[in-house]
Amino acid sequence: MLAFATASGAALLASAALPATAQPAAHRAAPHAALQEGSVSAAQLLAKLKDCTQLSNGKYSTDEGTPATVPVCGKNGAVFWKADMDVDCDGQITAQCNADTDPWFQDDTAFPQSDGKPLNAAKLPYVVVPSASGIWNYQSAGIKGGGVVAIIYNNQVEYAVVGDTGPNKIIGEASYAAAKGLGIDPNPETGGADSGVTYVLFKNSQASPIENHADAVSRGDALAKKFLQEN
């Protein structure tokens, strides 16, 4: 007991001697590593997205009850919008995504995996598109389930797929995994990003299978390079 007490006391003294900013490594939050999937940078893509040729008949709200300020814009080979990011946790029940963690949880997604199961929001980066309405119909723009998306945030590029549909007057939503990958708080109730997120959806594209993130990244990189050449 004496040896243990001596060792414990030494450990406490050593900890107390540390500067206030130098906490033991176990108590330090790991910094978010900047994400860059593929070879095309955020700056390269954003340089092509400065101007908006509006495709939608109106604009979308980013949240229920807020003004409609976000248009869907068109470019050669893609559509895009600049909005916030709400966190979608729908799909398979996981430790991160379930009725206890998400008050709006639904155990299904509009587009299923290749085995028929819903997508796994905690594992797969996916984007939610507004359900078809008089404002805009994603299908008529060449966007479909499994379509490849580049999400740009905080000088990062992450590739995702079109995985779910949401309210027909609200835009700006992506899965738990998509938010987490970009360093955004993925909590479906309290997390997300208020602004600064750009979604680029490549027309007539599709990851195969939809749940294969590596395939989305590979296809996304090729589509992004083509997008830079054509715009």
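Along each chain, residue indices are assigned from 1 in the same order as the chain's sequence is written. Two thresholds apply to this predicted model, a pLDDT of at least 70 for residue-level local features and 80 or more for giving and counting side-chain atom pairs, whereas whole-chain, interface and lining totals are computed over all residues. Excluding hydrogens and water, the side-chain values take into account all heavy atoms of the structure.

Chemist: Let's hear about the nonpolar core: which residues, and what values?
Modeler: Trp-81, Met-85, Trp-136, Ile-151, Tyr-199 and Leu-201 are the most contacted members of the largest nonpolar core, which totals 44 residues. Examining the composition of this core, we find that five residues originate from one element, strand 3 (residues 78-88), more than from any other. Contact definition: two residues touch when any of their heavy atoms are within 4.5 Å. Not counting residues within four places of it along the chain, the set of residues in contact with Met-85 comprises Ile-151, Gly-172, Ala-174, Ala-179, Leu-182, Ile-184, Gly-192, Ala-193, Val-197 and Tyr-199. We call a set of buried residues a nonpolar core when its members are Ala, Val, Leu, Ile, Met, Phe, Trp, Tyr or Cys and they connect through side-chain atoms within 4.5 Å of each other. The classification of residues rests on relative accessible area computed with a 1.4 Å probe and restricted to protein chains. Under 20% of the type maximum is buried, over 50% is exposed, and intermediate values are partly exposed. Tyr-159, Val-200, Phe-202 and Phe-227 belong to the second-largest nonpolar core, a separate cluster that totals 18 residues. Counting from the N terminus, the helices are the DSSP runs of H or I reaching at least four residues and the strands are the DSSP runs of E reaching at least two.

Chemist: Kindly report on the pairing of strand 3, identifying the contributing residues and their values.
Modeler: In terms of burial, strand 3 is largely enclosed, as nine of its eleven residues are buried. Sheet topology note: the strand 2 (residues 73-75)/strand 3 ladder contains three bridges and is antiparallel. Looking at strand 3, one finds that Gly-74 is bridged to Val-79. When DSSP finds two or more bridges between two strands, those strands count as paired. The antiparallel hairpin formed by strand 2 and strand 3 contains two residues in its connecting segment, where Gly-77 sits at a positive phi of about 85°. Where strand 3 and strand 8 (residues 193-202) come together, seven bridges link them in antiparallel fashion. If you follow Ala-78 over to strand 8, its bridge partner there is Phe-202. Relative to strand 7 (residues 173-175), strand 3 runs parallel, the two being bridged by three bridges. When the bridges of strand 7 are listed, Val-87 appears paired with Ala-174.

Chemist: Describe the state of the cysteines, and please don't skip the residues or the numbers.
Modeler: In protein chemistry, a disulfide is the covalent bond that joins the sulfur atoms of two cysteines. Disulfides are defined as pairs of cysteine sulfur atoms found within 2.5 Å of each other. On inspection of all chains with the given rule, the structure shows two disulfides. Residue Cys-52 pairs covalently with Cys-73 via a disulfide, S to S 2.0 Å. Handedness here is read from the sign of the S-S torsion; for Cys-52 and Cys-73, about -95°, the answer is left-handed. Of this pair, Cys-52 sits in the loop between helix 2 (42-47) and strand 1 (53-54) while Cys-73 sits in strand 2, and the two are 21 residues apart along the sequence. Across the disulfide, Cys-89 is cross-linked to Cys-97 (sulfur-sulfur distance 1.9 Å). Taking the sign of the S-S torsion, about -65° here, the bridge from Cys-89 to Cys-97 comes out left-handed. Of the residues examined, Cys-89 reaches a relative accessible area of 0% and is grouped as buried. Indicated for the chain is the disulfide connectivity 1-2, 3-4, based on numbering the bonded cysteines in sequence order.

Chemist: Before we move on, could you go through the packing of aromatic side chains and cite the residues and values that matter?
Modeler: Each Phe, Tyr or Trp ring (for Trp, its six-membered ring) is paired with any other whose centre lies within 6.5 Å, and the angle between the two planes then decides the class: stacked below 30 degrees, edge-to-face above 60, tilted in between. The final tally for this structure, using the stated rule, is three aromatic pairs. Consider the rings of Trp-81 and Tyr-199, whose centres lie 6.0 Å apart with planes at 35°: the pair is tilted. In this pair, Trp-81 sits in strand 3 while Tyr-199 sits in strand 8, placing the two residues 118 residues apart along the sequence. Among the residues examined, Trp-81 registers a relative accessible area of 0% and is labelled buried. Judged by its relative accessible area of 0%, Tyr-199 falls in the buried class. Here the aromatic residues Trp-81, Trp-136 and Tyr-199 are joined through ring pairs into a cluster of three or more.

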